[in-house]
Amino acid sequence: MAMSRSMSVAAITASTTQTQAGGTVCNADFNVCTVANSSDAITIPANLPTGTIFFLVGGANAGLIFPPVGGAINGGTVDASKPLDASVVHMVTVTLGGSASTYRINKLAALSS
């Protein structure tokens, strides 16, 4: 994934397996997430290059976002999830690619109806 003028958009449904391995992988530049249960999972794809940026829009319910195996989010524990807030646009930046990847997730805006 790379940012471009022809940004890809995907509607994805968070996995009810609620695990890192079973999480729905977000593979678009802009991912609109449907989350049925509070612990349903989205997983960041593995092997993204450093500097990759993509977006997640949380659904009506909060969920979880996991790094790929061996990765860490916002300086946290390796393989640990972070909350995917309901109705919030999140920007994900790959701060270090590779097998020990790191990611920064920032909340950009809350959506209103």
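Residues numbered from 1 in each chain as written. Predicted model: local features only at pLDDT ≥ 70, side-chain atom pairs only at ≥ 80, totals over all residues. Heavy atoms only, no water.

*Asks:* Sorry if this is basic, but what is going on with the sheet that holds strand β1 (residues 9-13) here?
*Replies:* Backbone-to-backbone hydrogen bonds join strands into a sheet, with any given pair of strands oriented parallel or antiparallel. In spatial order, the strands read β1-β3-β5-β9-β10-β7; together these six strands make up an open sheet with mixed pairing. At either margin of the open sheet sits one strand with a lone partner, and together these are β1 and β7 (72-73). As paired strands, strand β3 (residues 30-34) and strand β5 (residues 53-57) are joined by three bridges and run parallel to one another. Across the sheet, the residue bridging to Val32 is Val57, located in β5. (Pairing = 2+ DSSP bridges. Helix = DSSP H or I, 4+ residues; strand = E, 2+ residues; numbered from the N terminus.)

*Asks:* Help me understand the pairing of strand β9 (residues 88-96) in this model?
*Replies:* Pairing geometry for β5 and β9, over five bridges, is antiparallel. Residue pairing across strands places Phe54 opposite Val92, the latter belonging to β9. As paired elements, β9 and strand β10 (residues 102-110) share eight bridges and run antiparallel to each other. If you follow Val92 over to β10, its bridge partner there is Ile105. Here β9 hands over to β10 after five residues, with Gly98 in that stretch at a positive phi of 100°.

*Asks:* What am I meant to see in the nonpolar core here?
*Replies:* One recurring pattern in soluble globular proteins: nonpolar side chains tend to sit buried together. Counting residues in hydrophobic clusters, the biggest one holds 17 residues, and the most contacted among them are Cys33, Ile42, Ile44, Phe54, Leu56, Ile65 and Val92. Contributing elements (two or more residues each) for this core: β5, β9 and β10. Setting aside its immediate chain neighbours within four residues, Cys33 contacts Ile12, Ile42, Leu56, Val57, Gly58, Gly59 and Leu84. (Core = buried A, V, L, I, M, F, W, Y, C linked by side-chain atoms within 4.5 Å. Buried < 20%, exposed > 50% of the residue type's maximum accessible area, 1.4 Å probe, protein only. Contact = heavy atoms within 4.5 Å.)

*Asks:* Which parts of the structure should I look at to understand the pattern of salt bridges?
*Replies:* Close approach of charged atoms allows side chains with opposite charge to pair. Following the criterion strictly, the structure yields one salt bridge and no others. Between Lys107 and Asp85 there is a salt bridge, with the nearest N and O atoms lying 2.6 Å from each other. Here Lys107, found in strand β10, pairs with Asp85, found in the loop between β8 (82-84) and β9; they are 22 residues apart in sequence, far enough to count as distant. On the basis of relative accessibility, which here comes to 58%, the residue Lys107 falls in the exposed class. (Salt bridge = Lys/Arg side-chain N within 4 Å of Asp/Glu carboxyl O.)

*Asks:* Is there a simple way to explain unusual backbone geometry in this structure?
*Replies:* A negative phi angle characterises most non-glycine residues, just as the trans form characterises most peptide bonds. Positive phi is not limited to glycine here, since Asn47 has a value of about 60°. Looking at the element boundaries, Asn47 is found in the loop between β4 (41-43) and β5. Of note in this structure, Asp79 is not a glycine but carries a positive phi near 70°. Within the secondary structure, Asp79 is located in the loop between β7 and β8. Residue classification places Asp79 among the partly exposed positions, given a relative accessible area of 29%.

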